Amino acid sequence: MRAFGGATGNRLAQTSTLFLLTFATFGCSTGGGTTASLTVPPPPSNSLSFAPIATISSGGTRPGSVALADFNGDGKMDIAVSNFTSNTISVFLNKGDGTFQAPIVSPVQIIALGLGPIAVGDFNQDGKPDLVVGTIAGLQADIVLLGNGDGTFHQLAPIPNSFGFFHARVGDLNGDGHLDLVTGDNGNISVFLGHGDGTFSAGTFLPTASFPSSYLGIVVGDFNGDNKLDIVACDTFSGPFGTLVFYAGKGDGTFQSPTAVPLISSFPGSLASGDFNGDSKRDLLIGFPGEAFVALGNGDGTFQLRLSSLIPVSGSNSFLTSNALYVQAADLNQDGKLDALVADYDGGTLTLVLNGALGKLPPDAGIYQFTLKPGLSDIAVGDLNNDGLPDIVVSNALTNEISIALSQKP
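All of the points below concern the structure found in this document. Owing to the predicted nature of the structure, the values given are computational and were not obtained by experimental measurement. (Residues numbered from 1 in each chain as written. Predicted model: local features only at pLDDT ≥ 70, side-chain atom pairs only at ≥ 80, totals over all residues. Heavy atoms only, no water.)

### Describing the nonpolar core
Part 1 of the argument: Formed by 21 residues in total, the largest nonpolar core has its most connected members in Leu350, Leu352, Phe370 and Ile392.
Part 2 of the argument: Contributing elements (two or more residues each) for this core: strand S24 (326-330), strand S25 (339-343), strand S26 (349-353), strand S27 (367-371), strand S28 (376-382) and strand S29 (391-396).
Part 3 of the argument: With 17 residues, the next largest nonpolar core counts Ala272, Ala292, Ala329 and Leu338 among its residues. (Core = buried A, V, L, I, M, F, W, Y, C linked by side-chain atoms within 4.5 Å. Buried < 20%, exposed > 50% of the residue type's maximum accessible area, 1.4 Å probe, protein only. Helix = DSSP H or I, 4+ residues; strand = E, 2+ residues; numbered from the N terminus.)

Here you go:
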């Protein structure tokens, strides 16, 4: 189980250094003597550069989940953060240059402390981003917060037959044009079909394929190539190494019986997905305590579970706890290939690995590491300053802050 704590942090410093090799080319001219010329090629188009990391208060205590969307309709990407022990959502409206206004803090009315993860989507189809918020699993229901279009929300009645979640994904599971919800919690994978007005049908529990069914990581996508959304989840505390569970979607919001396979490391707690090797088959990025790796998809809902694409995490001490690394997949350098991001809760390291460096070790030029502070709890990626490059937001549950890394052209 992921731990939470409290402390106060200051501005974070980027400690990684990118070393670029510059090659000089000398030439000779004839007839008028010999001259030397120096040609310096531009940096590789696929390299990365970042502005100094900025850190701001989360507007609450023990921030966890982060979501990016244009919450006030001005064409700029904003940030939403759920604050675990203050039961609030903080929205940071973007000034347009990657800096943000003071947070708009919205309380969420639940019966006890314990506001959990968030997922973003336009659930009532009014063109304004909404949120669904999890609570302490097993004690309270999930909540839909409909966006007012100004960074504030109005809260709907709890979703029927919901009991909190560890993680949620949004997608149209039955092809009716309305966003649906898949949640992973302590005991079940649940499916809630959206009505298009911000409300959802009562949750349907999918059959379990492992024990104890503690689904801390979950992804939705077409993993078997039939153009229907499937579900992949990791049962964190199952067996000695955890279990990967696959649900093939039927295209109508229901799913086939699950299949389960053991993983090769203990306590998987975070999942991301995408095509990492360009074969048009969806792969997985799996985070464990102290390590993460890419599991290539076979295109039929099965995966190559080996450590060939290990993500290095320098200085991590997460293997001493059950706090898994948080993972995210994005094309960071805009070369058309999916890259990996890993946040280490215990070690406080944010690691970025470009596609060509998967499976390699530092100091490979495609691996970037930022030493932040322990407590990193989620990652979100989006263009925050409208320069066409993806930027990174990381929350920190121990320092009550979020950190923002703006990409720059090399």
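What follows continues from the structure just given.
### Side note on the sheet that holds strand S14 (residues 204-205)
Part 1 of the argument: As summarised here, the arrangement of the four strands in space is S11-S12-S13-S14, forming an open sheet in which the pairing is antiparallel. Taken across any chain shown, the strands that pair with only one partner, and hence form the sheet edges, are strand S11 (167-171) and S14.
Part 2 of the argument: In terms of strand pairing, strand S12 (residues 180-184) meets strand S13 (residues 189-192) through four bridges, oriented antiparallel. Residue pairing in the sheet places Gly184 in a bridge with Ile189 of S13. (Pairing = 2+ DSSP bridges.)

### Regarding the packing of aromatic side chains
Part 1 of the argument: Within the structure shown, the criterion is met by seven aromatic pairs.
Part 2 of the argument: Consider the rings of Phe123 and Phe200, whose centres lie 5.5 Å apart with planes at 65°: the pair is edge-to-face. Pair noted here: Phe123 is in the loop between strand S7 (115-121) and strand S8 (130-135) and Phe200 is in the loop between S13 and S14, with a separation of 77 residues, a long-range link. The two residues Phe123 and Phe200 agree in class, both being buried.
Part 3 of the argument: Ring centres of Phe223 and Phe303 lie 5.8 Å apart, and the angle between their planes is 70°; this geometry places the pair in the edge-to-face category. Remark: Phe303 occurs in strand S22 (residues 303-304) and Phe223 occurs in the loop between strand S15 (215-221) and strand S16 (230-235); sequence separation between them is 80 residues.
Part 4 of the argument: A relative accessible area of 2% places Phe223 in the buried class.
Part 5 of the argument: Residue classification places Phe303 among the buried positions, given a relative accessible area of 13%. (Phe/Tyr/Trp six-rings, centres within 6.5 Å; stacked < 30°, edge-to-face > 60°.)

### Let's talk about the environment of Lys228
Part 1 of the argument: One can find Lys228 in the loop between S15 and S16.
Part 2 of the argument: A C-alpha to C-alpha distance of 9.0 Å links Lys228 and Gly175, two positions 53 residues apart in sequence.
Part 3 of the argument: When near neighbours in sequence (up to four residues on either side) are disregarded, Lys228 contacts Gly221, Asp222, Gly249, Lys250 and Gly251. (Contact = heavy atoms within 4.5 Å.)

### Some points on the pairing of S25
Part 1 of the argument: For S25, the buried fraction is high: five of the five residues fall into the buried class.
Part 2 of the argument: Residues Asp339, Leu341 and Ala343 line one face of S25 and the alternating positions Ala340 and Val342 line the opposite face, and both faces are buried.
Part 3 of the argument: As judged from the five bridges shared by S24 and S25, these two strands associate in the antiparallel manner. Residue Gln328 lies in a different strand from S25, and its bridge partner there is Leu341.
Part 4 of the argument: Bridging between S25 and S26 involves four bridges; their strand directions are antiparallel. The partner of Leu341 across the bridge, within S26, is Leu352.
Part 5 of the argument: Between S25 and S26, which pair antiparallel one after the other, the connecting turn spans five residues, and Gly348 there sits at a positive phi close to 75°.

### Quick look at the sheet that holds strand S6 (residues 104-107)
Part 1 of the argument: With antiparallel pairing, the four strands of this open sheet are ordered in space as S3-S4-S5-S6. With one partner strand each, in any of the chains shown, strand S3 (63-69) and S6 form the two edges of the open sheet. Put simply, the sheet's adjacent strands are angled 20° from each other on average, direction ignored.
Part 2 of the argument: Relative to strand S4 (residues 78-83), S3 runs antiparallel, the two being bridged by five bridges. From the neighbouring strand, Leu68 faces S4, where its bridge partner is Ile79. (Axes fitted to C-alpha atoms, helices over the stretch in contact; angles between N-to-C directions.)

### Some remarks on the pattern of salt bridges
Part 1 of the argument: Evaluation of the coordinates by the stated rule reveals one salt bridge.
Part 2 of the argument: Among the ionic pairs, Lys360 bridges to Asp364, the shortest N-O distance being 4.0 Å.
Part 3 of the argument: For Asp364, a relative accessible area of 24% puts it in the partly exposed group. (Salt bridge = Lys/Arg side-chain N within 4 Å of Asp/Glu carboxyl O.)

### Brief notes about unusual backbone geometry
Leaving glycine out, the prevailing phi sign among residues is negative, and the prevailing peptide bond configuration is trans.
Part 1 of the argument: Note that the residue after Phe211, namely Pro212, is joined by a cis bond; omega there is 10°.
Part 2 of the argument: You can see Pro212 is positioned in the loop between S14 and S15.
Part 3 of the argument: Along the chain, Pro362 connects to Pro363 via a cis peptide bond; the corresponding omega equals 15°.
Part 4 of the argument: If you trace the backbone, Pro363 turns up in the loop between S26 and S27.
Part 5 of the argument: Look at Ser280: it is not a glycine, yet its phi comes out positive at around 70°.
Part 6 of the argument: Residue class for Ser280 comes out exposed when judged on its relative accessible area of 71%.
Part 7 of the argument: The backbone of Asn400 shows a phi angle near 60°, a positive value even though the residue is not glycine.

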